[in-house]
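Listed below, chain by chain, are the residues.
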Protein chains: 2
Amino acid sequence: MKLLEDRIRQDGIVAAGDILRVDSFLNHQIDIGLMDVLAGEFYRLFYGNRIDKVVTVEASGIAVAAFTARKFNVPLVFAKKAKTLNISSDYYVADCYSYTHAIAGKVMISKNYLNEGEHVLIIDDFLANGQATLSLLNLCEQAGAIPVGVGIMVEKSYQPGRGYLEEKGIRVESLARVASMDPETGVHFVGE
Amino acid sequence: MKLLEDRIRQDGIVAAGDILRVDSFLNHQIDIGLMDVLAGEFYRLFYGNRIDKVVTVEASGIAVAAFTARKFNVPLVFAKKAKTLNISSDYYVADCYSYTHAIAGKVMISKNYLNEGEHVLIIDDFLANGQATLSLLNLCEQAGAIPVGVGIMVEKSYQPGRGYLEEKGIRVESLARVASMDPETGVHFVGE
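Residues numbered from 1 in each chain as written. Chains lettered and ligands numbered in written order. Predicted model: local features only at pLDDT ≥ 70, side-chain atom pairs only at ≥ 80, totals over all residues. Heavy atoms only, no water.

Each helix and strand in chain A was counted, giving five helices and eleven strands. Its C-alpha atoms give chain A a radius of gyration of 16 Å, near enough to 16 Å, the size a compact globule of 192 residues would have. In terms of its C-alpha atoms, chain A occupies a principal-axis envelope of roughly 50 × 40 × 30 Å. Within chain A, buried positions represent 53% of all 192 residues. When contacts within chain A are restricted to residue pairs at least 6 apart in sequence, long-range pairs at least 24 apart make up 61% of them. By element, 48% of the accessible surface of chain A is carried by carbon and sulfur atoms, the whole surface being about 8400 Å². Here chain A contributes 19 positively and 24 negatively charged side chains, and the mean placements of these two sets differ by 4 Å. (Helix = DSSP H or I, 4+ residues; strand = E, 2+ residues; numbered from the N terminus. Rg over C-alpha atoms; globule rule 2.2 N^0.38 Å. Buried < 20%, exposed > 50% of the residue type's maximum accessible area, 1.4 Å probe, protein only. Contact = heavy atoms within 4.5 Å. Areas by Shrake-Rupley, 256 points an atom, 1.4 Å probe, with all protein chains shown as cover. Lys, Arg positive; Asp, Glu negative; His and termini not counted. Charge placed at Lys NZ, Arg CZ, Asp CG, Glu CD.)

What follows concerns the relation of the copies chain A and chain B. Laying chain A over chain B is done by rotating through 180° and shifting 0.0 Å along the axis; what remains is an RMSD of 0.0 Å. Put plainly, the chains are arranged around a two-fold axis. When the interface residues of chain A are mapped onto chain B, 100% of them again fall at the interface, so both copies present the same face. (Least-squares fit on C-alpha atoms with pLDDT ≥ 70 in both.)

All names here are of chain A. Inspection of the secondary structure puts Ile87 in the loop between strand S5 (76-81) and strand S6 (91-98). Sequence separation between Ile87 and Tyr97 is ten residues, and the spatial gap between their C-alpha atoms is 17 Å. Those residues in contact with Ile87, other than ones at most four positions away along the chain, are Ala82, Val93, Lys106 and Met108.

Our next topic: the packing of helix H3 (residues 62-72) of chain A against helix H2 (residues 32-46) of chain B. Between H3(A) and H2(B), whose axes approach to 9 Å, the crossing angle comes to 105°. Classed by the angle they form, the pair H3(A) and H2(B) counts as roughly perpendicular. Mapping the contact onto sequence places A:Ala66, A:Ala69 and A:Arg70 in H3(A) and B:Ile32, B:Gly33 and B:Asp36 in H2(B). (Axes fitted to C-alpha atoms, helices over the stretch in contact; angles between N-to-C directions. Parallel < 35°, antiparallel > 145°, perpendicular 65-115°, else oblique.)

Attention now goes to the side chain of A:Glu5. Residue and element names in this part refer to chain A. With respect to the helices and strands, Glu5 occurs in helix H1 (residues 2-11). One buried charged side chain, Glu5, makes no salt bridge at all; its nearest oppositely charged neighbour is Arg9, positioned 4.4 Å away. Apart from the residues lying within four places of it in its own chain, the contact partners of Glu5 are Ala176 and Phe189. (Salt bridge = Lys/Arg side-chain N within 4 Å of Asp/Glu carboxyl O.)

Moving on: the pairing of strand S10 (residues 172-182) of chain B. Residues and elements named next belong to chain B. Bridge count for strand S9 (residues 146-156) against S10 is six bridges, and the pairing is parallel. Considered in S10, the bridge of Glu155 is made with Arg177. Where S10 lies against strand S11 (residues 186-189), four bridges are found, and the strand directions are antiparallel. In the sheet register, Met181 faces S11, and the bridge partner there is Val187. In sequence, S10 turns back onto S11 through a hairpin of three residues. (Pairing = 2+ DSSP bridges.)

This brings us to the packing of aromatic side chains. This structure, assessed with the given rule, holds five aromatic pairs over all chains. Measuring from ring centre to ring centre gives 4.8 Å for A:Phe67 and B:Phe67, while their planes differ by 55°; the resulting arrangement is tilted. A residue pair is termed interchain when its members come from two chains, as with A:Phe67 in helix H3 and B:Phe67 in helix H3 (residues 62-72). Under the relative-accessibility criterion, A:Phe67 is labelled buried at 3%. Through pairs of rings, three or more aromatic residues link up here, namely A:Tyr43, A:Tyr47 and A:Phe72. (Phe/Tyr/Trp six-rings, centres within 6.5 Å; stacked < 30°, edge-to-face > 60°.)

Quick look at the nonpolar core now. Core analysis: the biggest nonpolar cluster contains 82 residues, and A:Leu4, A:Met35, B:Leu4 and B:Met35 have the highest contact counts within it. For B:Met35, the residues in contact, after removing those within four places along its chain, are B:Phe25, B:Leu26, B:Ile30, B:Ala63, B:Val64, B:Phe67 and B:Met153. (Core = buried A, V, L, I, M, F, W, Y, C linked by side-chain atoms within 4.5 Å.)

Tallying each qualifying case throughout the model produces 34 salt bridges over all chains. In this structure, A:Arg162 engages A:Glu166 in a salt bridge whose closest nitrogen and oxygen atoms are separated by 2.9 Å. You can see A:Arg162 and its partner A:Glu166 sitting in helix H5 (residues 161-167), four residues apart, about one turn around the helix. A relative accessible area of 13% places A:Arg162 in the buried class. Among the residues examined, A:Glu166 registers a relative accessible area of 43% and is labelled partly exposed. Between B:Arg21 and B:Asp23 there is a salt bridge whose closest N-O contact spans 3.3 Å. For B:Arg21, a relative accessible area of 34% puts it in the partly exposed group. Among the ionic contacts, a cluster of salt bridges with common partners joins A:Lys2, A:Asp6, A:Arg9 and A:Glu192.

Below is the structure:
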């Protein structure tokens, strides 16, 4: 989506260590009008599919996921990052390794809010190694929910996340696909 | 706001230990249409004030804060809960004790996204002891930002949070004010 690519070129900062900082408009300070438009694009892309629920993981995907759920007129469920060792049996739990923070974490959703046969659209801000998205798919699998697809704002296409998802037969729609990036030369997108 | 009070009566669960569970529609699974309507009510209440930015804290206030920011057509900034001891000097940081989890935490906002003279509307899901809201006010104070007011979905009016805020001269607008609650008799609201 050219709108998002242009915005990343304009306001994104490529830092050492393969870091793309978009915290001025996407994941700390959030350009809310942009989120609404990006949610509209997810609606366009997944229009015609049965979608019962939008699922994301806290925290930085919640805003765009909320607008997406609004477009489809369905509830939003956000998976919580488990902070304690005592996780109640009322939750589906999946491992989620964070490369960004280099920590093994867990994500969880109450068994009340993810149900067998529900058609779920997964929305998240970033796709790189795919660990967060895979953990959400794992939760869907435990619940017997059916993943309709995955909508991502920014994909690092040179990392293996998309491949892992496609191997599972999951449809992936990313609004900006970074082909390469470098602090000197900036960001280049797939198809340029 | 009767709409929200009725929904809490219908779907809220009062559990032992002064817990009001609203995770079926407000802070885990989220009724997105309801959030949009509640955001409209915050818009009505604070209409006429200069508002440059909506500020909340991750994670469960983000959805309603996002819709509120959309109404005012301003950016949303969400404070992050600090997870590490290494907090960069690029952030304003405030202590935030959580009574719910009985842990001392910290919240932080990048110095780039909270600025001197900005008029800020603080939005959050719950107000009880007021610690989260006070920590956001502390961040505003450090930045020299001007808090226009605080919009809360559910206030536990028998706890001291509102008092602490009003002592500071902060306008507080809560959409549902719980006067008392009990697992046997349910929830009672202020003014009933």
